[in-house]
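Commentary on secondary and tertiary structure
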2 protein chains.
Amino acid sequence: MKNKFIATIADALRQCGLADGMTLSFHHHLRNGDHVVNMTMDAVAAMGIKNITVACSSLFPVHEHLVQYIKSGVITGIDTDYMSGPLARAVSEGLLPTPVMFRSHGGRPRAIGEGSLKIDIAVIAAPAVDALGNINGSEGPSACGSLGYAMPDAKHARHVVAVTDHLVRGGLGRVSIPHDQVDHVVVVDKIGDPAGIVSGSISLTRDPVALAIARSAQAVIRASGLLKDGFNYQTGAGGASLAASIFLQEDMRAMKLHGGFLLGGITRYMVEMLDEGLFDNVYDVQCFDLSSVQSIARNPRHVEISADTYANPASKSACVDYLDAALLGATEVDLNFNVNVTTDSNGNIIGGSGGHNDAAAGAKLTIIVAPLVRARLPIVVDKCTTLTTRGETVDVLVTERGIAVNPARKDLADRLRDARLPVCDIAELHETAMKMTGKPLPFEHGDKVVGTVEYRDGTIVDRIYATK
Amino acid sequence: MKNKFIATIADALRQCGLADGMTLSFHHHLRNGDHVVNMTMDAVAAMGIKNITVACSSLFPVHEHLVQYIKSGVITGIDTDYMSGPLARAVSEGLLPTPVMFRSHGGRPRAIGEGSLKIDIAVIAAPAVDALGNINGSEGPSACGSLGYAMPDAKHARHVVAVTDHLVRGGLGRVSIPHDQVDHVVVVDKIGDPAGIVSGSISLTRDPVALAIARSAQAVIRASGLLKDGFNYQTGAGGASLAASIFLQEDMRAMKLHGGFLLGGITRYMVEMLDEGLFDNVYDVQCFDLSSVQSIARNPRHVEISADTYANPASKSACVDYLDAALLGATEVDLNFNVNVTTDSNGNIIGGSGGHNDAAAGAKLTIIVAPLVRARLPIVVDKCTTLTTRGETVDVLVTERGIAVNPARKDLADRLRDARLPVCDIAELHETAMKMTGKPLPFEHGDKVVGTVEYRDGTIVDRIYATK
């Protein structure tokens, strides 16, 4: 049998037949501590290759390193679910010759599975690899826990290269990606910087506005009638979202409830609820902190899932389909409850859907939590600068000045009023915001299209233009 | 979201659009205790459907029940890796209108993955299912352990129906097949008979011939130079194979060796070696007894693997590729070291490759263990009645009367001679056998082709004719 172990990333890419115009894919579980995208593109550039599309499930400030390769023509395309930092700024300024394809965390595996995103070489940052080439994410100095977003790539890419800094002599017990999907293994000094991979501990916000919003959001869940045994829940890692977990925990204890699963990017607040027995399972497509990395390695009820299982709308079912409630953030919410988490109100790329529109589409109750005003800009707007999540999938907007319910959910508005929650019209919230900030100057965008926004089902729903 | 839970198998098949001419697939982990193949075909027959191909990874005496459906035209095709019992006899007698396609355990997932075996509906006997539709094999009254052979079906079939007798309220921790691959779940009283699913305990042979062969086989492994730290090993569940595990265990203890993995159908002898720390891992595509079912549920180093990971020759690597030694049985071995485990010497279908030709192709050292004579018939023959495993992948034949080494492995013959093992020419073994049995009467077969034998890579290597 051929030896899978190759001395350098360049040698491995050569063995995969790297050529101009190919698509290389990466996952983002090492987050802002990732070295592998940058190292790989260094090797690609040194080989004199041009015109590469980088398909990475998310890109962070650490990937500023890639700006030089856009300038030199090595990278001419980007396909991602989220991007922030200097690379995103450079794209907003029009540096990349083609528009970035923005997908959701469920849309990406859908595109990979159906073949509309064809991956020539998947390069997998692999925290632990054994002698056969089995990979897991939960051992070694760069442990990141779940490798859920890398699984569709490993399954479908023509060639798969694992890059690791932790070669295990005995076989791995936990296997995230089995060796039959791995062509080559490259051992390097360091695949990432632990400080950037996971936060040692994510601490709760003390911002009184965020805490007030979190408390209201949990009151909405309580009043919705959905909070009962078997409750399935997803929340983000933003300030109000995390704080809401604490209030949920208190309610579940008081009501003696036993939930089903916790979903999404996982933090210690979810791990604590699992350990306390408040929920049966954590389904983990991505770990956000050290507690969750340790938990996935030790607790069999903390289940690693692929992006297909998490949110792919072409799957026979996805975890998001089973959500009772999802609590999500927003950069903008408009009068039709559409949400933007892709750009700011000046059209600068500052994120992307990630799992936002997937969770919203799946959950019985989708709650958007946001302050009415942020950095002197209104969050509730006439029309979103960029469409990330369709208003028809959003049920409630919770702000510190009131709770707006989607008019399509009259039943829910009635329930919230019965619970004496401060329900108001979203237009009122918009007016209040405008009174606080004044009408913001309309921003003018440039002519160049720098991003295409694909909804999770494959529909193109928006374009992002260069800033001026 | 649509409700996955359907009242009856017939309703589920209807929802999948069951129609004449379709291929239904099944797995064989419930072995001779399986109820699901029979129940499903009862439903198909009751619906008046005809011309179905049953693609089941193996078929056992319990599947005699299907003979009536061949007679009535409900079943007109069979695709399998192994079949024994009355159904196999009926096929040998020419009952089925089309030849059975015989594949190997690695060739089957290759065919499914490449699309040459297209599955319309995969019906999965599921020992435990949770509210989302996640499946595992290690819980519930019909626990069978690994579901490795069902995994390629679930991944590639157009429709997937799980049939269970154990619906779990809380989510499963161990997941063999994730819910995103499952369309429908049907709950029935019993999916199988535990007594037929796993042997409570497989006990060692006391047959002195088998023990002598086992001891010689282990002497060959010792002399081969392959028995060192990291040793990877597969053996079958036949008498001599199991006994050889005990001698291996003794050698490893005495030599203070630490092995890599144990592979294949798993028994308590392998579990004991894992628990004792003699090996790092058990890779389990199928459990043969209760000990292995319990072990896979409790020990994270006992890893459930898919048939793709086990033996698919189209995979980027398969576990069989990493084998140092494989110890396999034979119905016939011919002068070119070709092996037959598909038919007896009279052309009756009595088995099939299963993982035989996969393990032989992968292992550095493939040892065939067989008595020289069985039921007054010679095992070493001029030419195999049916070709299952190519002689070029077989290194050694161990019998109670001597050890024959494939002439292509002169290095190995030298090592065995140096170790004073009784190496002889395979022709000598053939002559000895003939002296014991007399020259067997040549058997005459009928005209009808009742089976096509596909080698693991997709090559058609033999045909099986009806008996006369």
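A few points on the structure. (Residues numbered from 1 in each chain as written. Chains lettered and ligands numbered in written order. Predicted model: local features only at pLDDT ≥ 70, side-chain atom pairs only at ≥ 80, totals over all residues. Heavy atoms only, no water.)

A few words on the packing of helix 8 (residues 208-224) of chain A against helix 14 (residues 410-418) of chain A. Each packed pair of helices is defined by two parameters, the angle between the axes and the distance between the axes. Residues and elements named next belong to chain A. Where helix 8 meets helix 14, the closest approach of the two axes is 9 Å, and the angle between their N-to-C directions is 110 degrees. On the basis of the axis angle, helix 8 is roughly perpendicular to helix 14. Contacts from Val220, Ala223 and Ser224 of helix 8 reach helix 14 at Leu412, Arg415 and Leu416. When the residues that make up the contact of helix 8 with helix 14 are grouped by side-chain class, the tally is four nonpolar, one polar and one charged. (Axes fitted to C-alpha atoms, helices over the stretch in contact; angles between N-to-C directions. Helix = DSSP H or I, 4+ residues; strand = E, 2+ residues; numbered from the N terminus. Parallel < 35°, antiparallel > 145°, perpendicular 65-115°, else oblique. Contact = heavy atoms within 4.5 Å. Nonpolar A, V, L, I, M, F, W, Y, C, P; charged D, E, K, R; others polar.)

Here the focus is unusual backbone geometry. We note that A:Arg31 has phi near 50 degrees; this positive angle belongs to a residue other than glycine. Here A:Arg31 lies in the loop between strand 2 (23-26) and helix 2 (36-46).

Here we come to the sheet that holds strand 5 (residues 100-102) of chain B. Residues and elements named next belong to chain B. Here we have ten strands laid out as an open sheet, ordered 1-10-9-6-2-3-4-5-25-26, and mixed in their pairing. Edge positions in the sheet fall to strand 1 (5-6) and strand 26 (460-467), since each of these pairs with one other strand and no more. Bridge analysis of strand 25 (residues 445-454) against strand 26 gives six bridges, and the strand direction is antiparallel. Residue pairing across strands places histidine 445 opposite threonine 467, the latter belonging to strand 26. (Pairing = 2+ DSSP bridges.)

Right, let's talk about the sheet that holds strand 22 (residues 396-399) of chain B for a bit. Residues and elements named next belong to chain B. An order of 14-13-12-11-15-18-22-23-24 is seen for the nine strands of this open sheet, with the pairing classed as mixed. Taken across any chain shown, the strands that pair with only one partner, and hence form the sheet edges, are strand 14 (302-304) and strand 24 (423-424). Two strands pair when backbone bridges link them, and strand 11 (residues 233-235) and strand 15 (residues 325-328) are joined in this way by three bridges, in the parallel orientation. From the neighbouring strand, glutamine 234 faces strand 15, where its bridge partner is alanine 326. Set on the sheet, helix 8 (residues 208-224) makes contact with strand 11, strand 15, strand 18 (365-369), strand 22 and strand 23 (402-405); between it and strand 18 the angle comes to about 165 degrees.

Moving on: the packing of aromatic side chains. Residues and elements named next belong to chain A. Taken as a whole and judged by the stated rule, the model has six aromatic pairs over all chains. Ring centres 5.6 Å apart and planes at 25 degrees place the aromatic pair phenylalanine 231 and tyrosine 233 in the stacked group. In this structure, arginine 390 packs its charged tip against the face of tyrosine 455, placed 4.3 Å from the ring centre. (Phe/Tyr/Trp six-rings, centres within 6.5 Å; stacked < 30°, edge-to-face > 60°. Lys NZ or Arg CZ within 6 Å of the ring centre and 35° of its normal.)

In this section: helix 2 of chain A. Turning to helix 2 of chain A, its buried residues number three or more, namely A:Val36, A:Val37, A:Asn38, A:Thr40, A:Met41, A:Ala43 and A:Val44. Positive backbone phi, approximately 80 degrees, marks A:Gly48, located one or two places after helix 2 of chain A. (Buried < 20%, exposed > 50% of the residue type's maximum accessible area, 1.4 Å probe, protein only.)

Turning next to the interface of chain A and chain B. If you look at the interface, chain A gives 41 residues, while chain B gives 41 residues. At the boundary of chain A with chain B, total buried surface from both sides reaches about 2,700 Å², with 51% on carbon and sulfur atoms. One salt bridge connects B:Asp183 with A:Lys316, and the closest N-O pair in it is separated by 3.3 Å. Along the contact surface separating chain A from chain B lie 24 residue pairs in polar contact (both at pLDDT 80 or more). Of all the elements in the fold, those that place two or more residues in the side of chain A that touches chain B are strand 9 (159-164), strand 13 (279-287) and helix 12 (307-311) of chain A. The leading source of residues in the side of chain A that touches chain B is strand 13 of chain A, at three residues. (Buried area = accessible area lost by both parts, 1.4 Å probe. Salt bridge = Lys/Arg side-chain N within 4 Å of Asp/Glu carboxyl O. Polar contact = N/O pair within 3.5 Å; in protein donor to acceptor, adjacent residues only side chain to side chain.)

Before going further, it helps to examine the packing of helix 9 (residues 239-255) of chain B against helix 10 (residues 268-275) of chain B. Residue and element names in this part refer to chain B. The contact between helix 9 and helix 10 brings their axes to 9 Å, and the two run at 15 degrees. Between helix 9 and helix 10, the crossing angle belongs to the class labelled roughly parallel. Crossing handedness for the pair helix 9 and helix 10: left-handed. Across the interface between the two elements, Leu242, Ser245, Ile246, Leu248 and Gln249 from helix 9 touch Tyr269, Glu272 and Met273 from helix 10. (Left-handed = near helix turned anticlockwise from the far one by under 90°.)

Taken as rigid bodies, chain A and chain B are interconverted by a rotation of 180 degrees and an axial shift of 0.0 Å, the fit giving an RMSD of 0.0 Å. Viewed as a symmetry operation, the transformation between the two copies matches a two-fold axis. Scanning chain A for the C-alpha nearest the rotation axis identifies A:Pro300, at a separation of 4.6 Å. Interface overlap between copies: 100% of the residues of chain A at the interface are likewise at the interface in chain B, consistent with a symmetric, same-surface contact. (Least-squares fit on C-alpha atoms with pLDDT ≥ 70 in both.)

Residues and elements named next belong to chain A. Within the secondary structure, glycine 446 is located in strand 25 (residues 445-454). Expressed as a C-alpha distance, the spacing of glycine 446 and asparagine 338, which sit 108 residues apart in the sequence, is 23 Å. Glycine 446 has contacts with Tyr465, Ala466, Thr467 and Lys468, leaving out every residue within four places of it along the chain.

Time to look at the state of the cysteines. Residues and elements named next belong to chain B. In total, this model carries zero disulfides over all chains according to the counting rule given. Left without a disulfide partner, cysteine 56 is nearest to the cysteine sulfur of cysteine 144, which lies 12 Å away. Of the cysteine sulfurs around cysteine 319, a residue in no disulfide, the closest is that of cysteine 287, at 14 Å. (Disulfide = S-S within 2.5 Å.)

The next thing to look at is the pairing of strand 13 of chain A. All names here are of chain A. Across the nine residues of strand 13, nine count as buried, placing the element largely inside the fold. Bridge analysis of strand 12 (residues 259-266) against strand 13 gives seven bridges, and the strand direction is parallel. By the bridge assignment for strand 13, leucine 263 is matched with tyrosine 283. Note that strand 13 and strand 14 (residues 302-304) share three bridges and pair parallel. Among the inter-strand pairings, tyrosine 283 is bridged to a residue of strand 14, identified as valine 303. Note that the unit made of strand 13, helix 11 (residues 290-298) and strand 14 has a crossover that is right-handed. (Right-handed = clockwise from strand over helix to strand, strands pointing away.)

Turning to the pattern of salt bridges, a few remarks are in order. All names here are of chain A. Applying the stated criterion across every chain, the model contains 42 salt bridges over all chains. Lysine 410 serves as the salt-bridge partner of aspartate 414, at 3.3 Å between the closest nitrogen and oxygen. Of this pair, aspartate 414 and lysine 410 are both found in helix 14, four residues apart, which corresponds to roughly one turn of the helix. What makes aspartate 414 partly exposed here is its relative accessible area of 30%. Through salt bridges with shared partners, a single network forms among Asp79, Arg103, Arg110, Glu114 and Glu454.

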